[in-house]
Amino acid sequence: MRTIHLPSIRMEANDVAEVSELRPRGDSEKITINLGYVDLGHIDLLAQEGFYSNRTDFIRTAIRNQLERHRAAAEKSVVRKQLDLGVSHFSREQLEAARERGETLDIRVLGLATIAADVSPELARAAISSLTVLGVLHASAAVKAALADRIA
């Protein structure tokens, strides 16, 4: 069996500048995808012919089209899984209040979940019973480690 390494998309300097202009910093996450040479060439051709401004524009458009195509199914899943949609922030004060009430949080987020930087690993374990994030979780490495067995 032969291993074939496919190229990763590398954005040009002006591609990154255009992405920053379209979205404020901190509102997106960088990803790397591997594409075959021919697919990458087709994307470049479409950009060169003016269908898209660059590779990033093509990829974002393709992703948005697929998300729109499956919107109804995704919306049903969000309801069924009881996910909070968007950005959810959990402060030290909120977690302390839950702990004081003797409650634990079952956190389910589709989007971005943040746990404040001043939340200790001990407080996170005491206040959070489970954590499901479809998207991005921003928390300290110590908090993530403390919740590792509770992250789905």
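Residues numbered from 1 in each chain as written. Predicted model: local features only at pLDDT ≥ 70, side-chain atom pairs only at ≥ 80, totals over all residues. Heavy atoms only, no water.

Trainee: Tell me about the sheet that holds strand β3 (residues 128-138), residues and numbers included.
Mentor: Reading across from one edge, β1-β2-β3 is the order of the three strands in this open sheet, with parallel pairing throughout. The open sheet has two edge strands with one neighbour each: β1 (84-90) and β3. Taken pair by pair, the neighbouring strands of this sheet meet at an average axis angle of 45°, ignoring direction. Where helix α5 (residues 92-100) meets the sheet, its contacts fall on β1, β2 (105-115) and β3, and the angle it forms with β1 comes to roughly 85°. (Pairing = 2+ DSSP bridges. Helix = DSSP H or I, 4+ residues; strand = E, 2+ residues; numbered from the N terminus. Axes fitted to C-alpha atoms, helices over the stretch in contact; angles between N-to-C directions. Contact = heavy atoms within 4.5 Å.)

Trainee: Got a sec to walk through the pairing of β1? Specific residues and values, please.
Mentor: Each regular strand carries side chains that alternate between the two faces of the sheet. Pairing of β1 with β2, which is carried by seven bridges, proceeds in the parallel orientation. The residue of β2 that forms the bridge with Val87 is Leu112. Taking the sense of rotation as the criterion, the β-α-β connection linking β1, α5 and β2 turns out right-handed. (Right-handed = clockwise from strand over helix to strand, strands pointing away.)

Trainee: How would you explain the packing of aromatic side chains if you had to name every residue and give the values?
Mentor: Think of a pair of aromatic rings as described by two things: how far the centres are apart, and how the planes are tilted against each other in angle. Under the counting rule described, the total for this entry stands at one aromatic pair. Taken together, a centroid distance of 5.0 Å and an interplanar angle of 85° make the contact between Tyr52 and Phe58 edge-to-face. Residue classification places Tyr52 among the partly exposed residues on the basis of a relative accessible area of 22%. (Phe/Tyr/Trp six-rings, centres within 6.5 Å; stacked < 30°, edge-to-face > 60°. Buried < 20%, exposed > 50% of the residue type's maximum accessible area, 1.4 Å probe, protein only.)

Trainee: Pulling in residues and values, what's your account of the nonpolar core?
Mentor: The nonpolar side chains of a soluble globular protein tend to be buried, and buried together. Ranked by size, the top nonpolar core spans 18 residues in total, and within it Leu95, Ile115, Val119 and Leu131 carry the most contacts. Looking at this core, the elements that each hand over two or more residues are β2, α6 (121-127) and β3. Aside from chain neighbours lying at most four places away, what touches Ile115 is Phe90, Leu95, Ile128, Leu131, Leu137, His138, Ala139, Val143 and Leu147. (Core = buried A, V, L, I, M, F, W, Y, C linked by side-chain atoms within 4.5 Å.)

Trainee: Can you lay out helix α3 (residues 55-69) for me, pointing to particular residues and giving the numbers?
Mentor: For α3, which comprises 15 residues, the first-to-last C-alpha distance of 21 Å matches the rise-based estimate of 21 Å (1.5 Å per residue) to within 8%. The opening residue of α3, the one whose side-chain oxygen lies 3.0 Å from the backbone nitrogen of Thr56, is Asn54. (Expected span 1.5 Å × (residues − 1). Polar contact = N/O pair within 3.5 Å; in protein donor to acceptor, adjacent residues only side chain to side chain.)

Trainee: Explain the environment of Val78 to me, using residue names and the numbers behind them.
Mentor: Mapped onto the secondary structure, Val78 falls in helix α4 (residues 71-80). In this structure Val78 comes out as buried when scored by relative accessible area, which is 16%. Separated by 31 residues in sequence, Val78 and Val109 place their C-alpha atoms 9.2 Å apart. Ignoring any residue separated from it by four or fewer positions in sequence, one finds Val78 in contact with Leu83 and Leu110.

Trainee: For the pattern of salt bridges, give the residues involved together with the corresponding values.
Mentor: Going through the model one piece at a time under the given rule, you end up with nine salt bridges. Across the pair Glu93 and Arg92 runs a salt bridge whose closest N-O atoms are separated by 3.2 Å. In this structure, Asp106 and Arg108 form a salt bridge, with 2.5 Å as the shortest nitrogen-oxygen distance. Taking the relative accessible area as the measure of exposure, Asp106 reaches 40% and is therefore partly exposed. (Salt bridge = Lys/Arg side-chain N within 4 Å of Asp/Glu carboxyl O.)

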